[in-house]
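The lines below spell out each chain.
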Number of protein chains: 2
Amino acid sequence: MKLSKTSEHAIRVLVYMAQNPEEQFSVNTLHETLNIPFKYLGRLMPSLAEAGFIVATHGKNGGYRLLSNYEFVTIASIIDVVDGMDSYSECILGFENCGDGKPCPLHNHWGPHRDAIKKLWETVTLKDLAKRGFKI
Amino acid sequence: MKLSKTSEHAIRVLVYMAQNPEEQFSVNTLHETLNIPFKYLGRLMPSLAEAGFIVATHGKNGGYRLLSNYEFVTIASIIDVVDGMDSYSECILGFENCGDGKPCPLHNHWGPHRDAIKKLWETVTLKDLAKRGFKI
DNA sequence: CATAAATACTACCTCCTTGTAGTATTTATA
DNA sequence: TATAAATACTACAAGGAGGTAGTATTTATG
């Protein structure tokens, strides 16, 4: 029922960056602004770059900048990179082949909620979340 | 987005027992029927007994039996014992004081789903789930 | 009373997540 | 060209979840 800490961090960083999508941010700035451990963030950012959300500039005055497709980056695509989206398709009781044909006791109760949340994450984009006035 | 393995086990055990609520089950029987590790189950059951879901009979021919209030035992009360229900009230991004007044970027999207699932777990009882034909 | 079969307890092991530390590499600039 | 400031890489440490193992305790029964 929770995101991993790493997913929380990733979403917060990217939403924060999306509030000033043209700006370049150093890891140190993000660390100080968002209260995310510096070294941990320094390991997360390259994976977000590899995933195609951001791009790094090396050397002095370097940092990270959002890619221009950020308007279409969904929460699901972020979770997918960090945690994986598997749990949003799987049985809540862990049965491999639970489904409409052979449901577990919770299947009919849980399925609609799980699907609704999955669809939510697949629909909401960084742009949707980048409005000011939110706690980041 | 997942229950812990231990919660999965606890729910499966209790739903299975609720299908024959008068019967007494040994840990070994439950282990073999439900494919839950014997020793792990042997540690889980006393905690379910302490929580008031089941009662143990010691010695030869002993085992566990559901208590008579099982009809009113909710999924939430089981999760509460094993995992805790805290995450069903907390902010999805981990903000301590996220709320309607000072929402995080996901608060308005996530809150309704989180609340709906919490209500579901607080509503569904072992009796509701004990119907036959389910995969246990 | 001895034995068998059951729960109860305690210690340990492994893996994953989170976080920390140090060092290498890259690049702007005085 | 030397320095400073940034990312990149790699190893390690702490803690919790899941699982294993062994032993103690309880009790029915021959």
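None of these values were measured; they are calculated from a predicted model.

Colleague: Is there a simple way to think about the interface of chain A and chain B in this case?
Modeller: Note: interface size is frequently given as the accessible area lost on complex formation between the parts. Facing the 35 residues of chain A at the interface are 35 residues of chain B. Summed over both partners, the interface of chain A with chain B buries about 3600 Å², with 74% contributed by carbon and sulfur atoms. The largest per-residue losses of area from chain A upon contact with chain B belong to Met1(A), Pro105(A) and Lys135(A), which jointly make up 26% of the total buried on that side. Elements represented by at least two residues in the side of chain A that touches chain B include exactly α1 (5-18) and α5 (107-123) of chain A. In terms of residue count, α5(A) provides more of the side of chain A that touches chain B than any other element does, eight residues in total. Classifying every residue of the side of chain A that touches chain B gives 23 nonpolar, six polar and six charged.

Colleague: It is not clear to me how empty space enclosed by the protein should be interpreted in this structure. Could you clarify?
Modeller: Rolled over the atoms, a probe sized like a water molecule indicates the empty space that remains. Applying the stated criterion across every chain yields a total of two cavities of 30 Å³ or more. Considered as a void within the structure, the largest cavity measures approximately 50 Å³ in volume. Taken together, Met1(A), Lys2(A), Leu3(A), Ser87(B), Glu90(B), Cys91(B), Ile92(B) and Trp110(B) make up the lining of the largest cavity. Broken down by class, the residue content of the lining of the largest cavity amounts to five nonpolar, one polar and two charged. Every residue along the wall of the second largest cavity is listed here: Glu90(B), Cys91(B), Ile92(B), Cys98(B), Cys104(B), His107(B), Trp110(B), Gly111(B) and Arg114(B). For the lining of the second largest cavity, a count of residues per class yields five nonpolar, two polar and two charged.

Colleague: Any chance you could explain the side chain of Ser87(A) here in plain terms?
Modeller: Its location among the elements puts Ser87(A) in the loop between α4 (75-82) and α5. Excluding anything up to four places from it in sequence, Ser87(A) contacts Arg114(A), Met1(B) and Lys2(B).

Colleague: In this structure, what is going on with the environment of Tyr88(A)? I would like to understand it.
Modeller: Here Tyr88(A) shows up in the loop between α4 and α5. Judged by relative accessible area, which is 4%, Tyr88(A) ranks as buried. Once you skip the residues sitting within four places of it in the chain, Tyr88(A) turns out to touch Leu3(A), Ile79(A), Arg114(A), Ile117(A), Lys118(A), Trp121(A) and Met1(B).

Colleague: Help me understand the pattern of salt bridges in this model?
Modeller: Per the stated rule, a full pass over the model turns up six salt bridges over all chains. The salt bridge involving Asp115(B) is made with Arg114(B); its shortest N-O contact spans 3.2 Å.

What counts as what
Residues numbered from 1 in each chain as written. Chains lettered and ligands numbered in written order. Predicted model: local features only at pLDDT ≥ 70, side-chain atom pairs only at ≥ 80, totals over all residues. Heavy atoms only, no water. Contact = heavy atoms within 4.5 Å. Buried area = accessible area lost by both parts, 1.4 Å probe. Helix = DSSP H or I, 4+ residues; strand = E, 2+ residues; numbered from the N terminus. Nonpolar A, V, L, I, M, F, W, Y, C, P; charged D, E, K, R; others polar. 1 Å grid on protein atoms, 1.4 Å probe; cavity = no way out; pocket = protein on both sides within 12 Å on 5 of 7 lines; lining within 4 Å. Points joined across faces, edges and corners; volume = space filled by probe spheres on them. Buried < 20%, exposed > 50% of the residue type's maximum accessible area, 1.4 Å probe, protein only. Salt bridge = Lys/Arg side-chain N within 4 Å of Asp/Glu carboxyl O.

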